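Next come the chains, spelled out residue by residue.
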Amino acid sequence: MHPSRIRGFLKVSVGFILAMLVSLPFRAPAQEDDLDQGKVFAIQARDYRMNHEFSLSMAFLPLDAFYKFFAVSGHYVVHFNDLWAWEAIHFAFSQYLDVDTGLKSELSDKWDASATDTPRIDYSFDTNLMLKPLYGKMTLFDSLIVYMETYFVLGVGAEKFETAWFPAGNVGVGMRIFLSDTLSLRFEVREYVYLEEGGVDSTLYFGVGFCYNAFAEERKVKKEEKGVKE
Amino acid sequence: MRTARFSLVLLVMSVLLSVPSARAQEQSYREKSAYGPIQRRLFELNHEISIGWAYLPLDPFAKGYGAQLSYTIHFNHFIALELFRVGWTYNRDSKLKTKLLDQMPDVSPAEFPAVVFFENTNLIFKLLYGKQSLFNRTVVHFEVYATLGGAFLFRNPYPIWDGDLNNARYEFGVNGGFGARFWFSPRWSFKIDLRDTVVMLCFNRGDFPLENSALVGFSFAVNI
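Residues numbered from 1 in each chain as written. Chains lettered and ligands numbered in written order. Predicted model: local features only at pLDDT ≥ 70, side-chain atom pairs only at ≥ 80, totals over all residues. Heavy atoms only, no water.

A. Representation of the side chain of N175(B) in the model. Residue and element names in this part refer to chain B. Turning to its location among the elements, N175 is positioned in strand β6 (residues 169-183). By relative accessible area, N175 is classed as buried at 1%. Of note is the side chain of N175, whose polar atom sits 2.7 Å from the side chain of T197. When sequence neighbours within four positions are dropped, the list of residues in contact with N175 reads R85, N120, N122, T147, L148, G149, G150, A151, R195, D196 and T197. (Helix = DSSP H or I, 4+ residues; strand = E, 2+ residues; numbered from the N terminus. Buried < 20%, exposed > 50% of the residue type's maximum accessible area, 1.4 Å probe, protein only. Polar contact = N/O pair within 3.5 Å; in protein donor to acceptor, adjacent residues only side chain to side chain. Contact = heavy atoms within 4.5 Å.)

Here it is, written out as structure tokens:
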């Protein structure tokens, strides 16, 4: 091979290697971007939408030292859109549904102390604004897809104890599992803060609700709207 | 000529062998349910360390506020072993305890042991994995899991720095609960836990108290 051709080949090779070396640091992040699926995603149209919701729930109020309360509750929610709803009424009835923790007898047995009668919750009602920022799906054991949404509630109401009514505010978070267009399950936790005589106290509320979505067909997304051809 | 024939045989064999594996792979990602295809998980865990905050609300005489640290080995998508979750809590007297101490001279603070240290070892069953759209703008990946295992509790009426261990209780119990994890990135996630320990045995007193000690935890986890 002619020496000038060898020199030319070497020049081209060195140039190519340099170009490779220079381009490496810039190429690596680009490749990472390609792999970072978290930044590249598609958000599908919702399969389930709520309209007028009626529910029957079971609740558990665990934080009272003397009694653990169970409650039966119901609510009506009007859903304005995918993001906002108004829980017009939420009513929880816990009268006669309490279980003695045994603390009273412990106080009596250990120290011969009789606790002053702690008032029990009879029922409560409240009205809440509901924000539904999260909607998605999850897999159960990688084999079944479950659609769900997460919501937050904030509202005001009142709690009726044996002795008196107390105004209360509440905040909560919950998760809805869609069973069908019209049926869903709600799991939620709420904290009620009420103003009692001489202070502020609170009630923690765990609830499981069975919900019916009335007039669901009015909100149902048609396949054509989702871009699916029949 | 012989080399060319040998190469051709190799090529045909490799094609034939590759077909079943490709089919198997296709099978594994195929639609497994009537509801639609199930995607591969974007975030998977291996060895996880978490650190966070703990709240123990159930003791009628003291509310515990503390910190917890855990190490978890994830075997696969469904099962993990929380090798240890240790925590320390600072206990604040409840109104009831204050009233008892104020109004009854016979009552001693030594009679109210509260959880100071705890250790849990749990199997974790990762039931659900999913993703949610936040305000229809971004995607949040999460999982929901259940836990079951054993727990050791050290209960003492006084803070550990007081050095008074005369009324301490060393207890064993069964621990169970639920939790949810939300991923920020493949390495970092945030966990919410709700656990309950049923105390079954006190080693140094020889009694069987059957008491509940519930814990609410919030922690940050890193996948190492």
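From this point, the discussion proceeds with the structure in view.
B. View of the interface of chain A and chain B. Of the residues lining the interface, 39 residues belong to chain A; the matching set on chain B comes to 37 residues. Summing the contributions of chain A and of chain B, the shared interface buries around 3100 Å²; its carbon and sulfur component is 68%. Between chain A and chain B we count seven residue pairs in polar contact (both at pLDDT 80 or more) in total. Of all the elements in the fold, those that place two or more residues in the side of chain A that touches chain B are α2 (103-111), β5 (121-140), β6 (144-161) and β9 (199-214) of chain A. The greatest single-element share of the side of chain A that touches chain B, amounting to nine residues, is contributed by β5(A). Among the residues making up the side of chain A that touches chain B, the classes are represented as 23 nonpolar, six polar and 10 charged. (Buried area = accessible area lost by both parts, 1.4 Å probe. Nonpolar A, V, L, I, M, F, W, Y, C, P; charged D, E, K, R; others polar.)

C. The arrangement of the nonpolar core in detail. Within the largest apolar cluster, 24 residues are counted, with the highest numbers of intra-cluster contacts made by L61(A), L107(A), W111(A), F61(B), L96(B) and L100(B). Leaving out residues up to four positions away in the same chain, F61(B) has contacts with L103(A), E106(A), L107(A), W111(A), R92(B), D93(B), S94(B), L96(B), K97(B), L100(B) and F112(B). (Core = buried A, V, L, I, M, F, W, Y, C linked by side-chain atoms within 4.5 Å.)

D. Local environment of a nonpolar patch on the surface. Among the surface-exposed residues, W88(B), Y90(B), F117(B), F152(B), I160(B), W161(B), L165(B), Y170(B) and F203(B) lie close enough to one another that they form a single nonpolar patch of about 880 Å² accessible area. Relative to the elements of secondary structure, L165(B) occurs in the loop between β5 (138-156) and β6. (Patch = residues over 30% accessible without salt bridge, like charges linked within 9 Å, V, L, I, M, F, W, Y side chains within 5 Å. Areas by Shrake-Rupley, 256 points an atom, 1.4 Å probe, with all protein chains shown as cover. Salt bridge = Lys/Arg side-chain N within 4 Å of Asp/Glu carboxyl O.)

E. Representation of α2(A). Listed as buried for α2(A) are L103(A), L107(A) and W111(A). Along the axis of α2(A), the buried residues cluster in a sector spanning 45°; they form a single face. Residues of α2(A) that are buried make contact with β4 (98-100) of chain A together with α2 (95-103) of chain B. In the stretch just after α2(A), D112(A) is the one whose phi turns positive, near 55°. (Arc of directions from axis to C-beta.)

F. How the structure looks around empty space enclosed by the protein. All names here are of chain B. On inspection of all chains with the given rule, the structure shows four cavities of 30 Å³ or more. Taken as a whole, the largest cavity encloses approximately 70 Å³ of empty space. Lining of the largest cavity is provided by L56, R85, F118, N120, L153, N175, R195, D196, T197, S213, A214 and L215. For the lining of the largest cavity, the secondary structure elements donating two or more residues are β4 (114-134), β7 (188-202) and β8 (211-223). In the lining of the largest cavity, the residues fall into five nonpolar, four polar and three charged. Here the second largest cavity defines a volume of roughly 60 Å³. A breakdown of the residues in the lining of the second largest cavity according to their chemical character gives six nonpolar, three polar and one charged. (1 Å grid on protein atoms, 1.4 Å probe; cavity = no way out; pocket = protein on both sides within 12 Å on 5 of 7 lines; lining within 4 Å. Points joined across faces, edges and corners; volume = space filled by probe spheres on them.)

G. Molecular detail of the packing of aromatic side chains. With the rule as written, the count across this model stands at 34 aromatic pairs over all chains. Their ring planes at 35° and their centres at 5.3 Å tell us that W111(A) and F112(B) sit as a pair that is tilted. Placement of W111(A) in helix α2 and of F112(B) in the loop between α2 and β4 is noted, with the two residues assigned to different chains. Here F61(B) and F112(B) contribute two aromatic rings whose centre-to-centre distance is 4.7 Å and whose plane-to-plane angle is 55°, an arrangement assigned as tilted. Linking F61(B) in the loop between β1 (47-56) and β2 (62-74) with F112(B) in the loop between α2 and β4, this pair joins segments that are 51 residues apart in sequence. Taken individually, F61(B) and F112(B) each receive the classification buried, so the pair is uniform in this respect. Members of the aromatic cluster, joined through ring pairs, are W53(B), Y55(B), Y65(B), F184(B), F190(B), F218(B) and F220(B). (Phe/Tyr/Trp six-rings, centres within 6.5 Å; stacked < 30°, edge-to-face > 60°.)

H. View of the side chain of T150(A). On the secondary structure map, T150(A) appears in strand β6. Owing to a relative accessible area of 12%, T150(A) belongs among the buried residues under this scheme. Within the structure, the side chain of T150(A) is placed 2.8 Å from the side chain of Q132(B), a separation counted as a polar contact. For T150(A), the contacting residues outside a window of four places in its chain are L131(A), K132(A), P133(A), L134(A), V173(A), G174(A), M175(A) and Q132(B).

I. Quick look at the pattern of salt bridges. What the rule picks out here adds up to 26 salt bridges over all chains. R195(B) is the salt-bridge partner of D193(B), the closest N and O atoms lying 3.1 Å from each other. For the pair shown, D193(B) and R195(B) are each scored as buried. One continuous salt-bridge network, built from bridges that share partners, spans R46(A), R49(A), E53(A), D82(A), E87(A), D126(A), E149(A), R176(A), R186(A), E188(A) and R190(A).

J. Representation of unusual backbone geometry in the model. All names here are of chain B. Positioned with a positive phi, N136 is a non-glycine residue whose angle comes to about 55°. Inspection of the secondary structure assignment puts N136 in the loop between β4 and β5. Owing to a relative accessible area of 42%, N136 belongs among the partly exposed residues under this scheme. Not every positive phi belongs to a glycine, and L210 is a case in point at roughly 50°. Following the sequence through the fold, L210 ends up in the loop between β7 and β8. For L210, a relative accessible area of 60% gives the class exposed.

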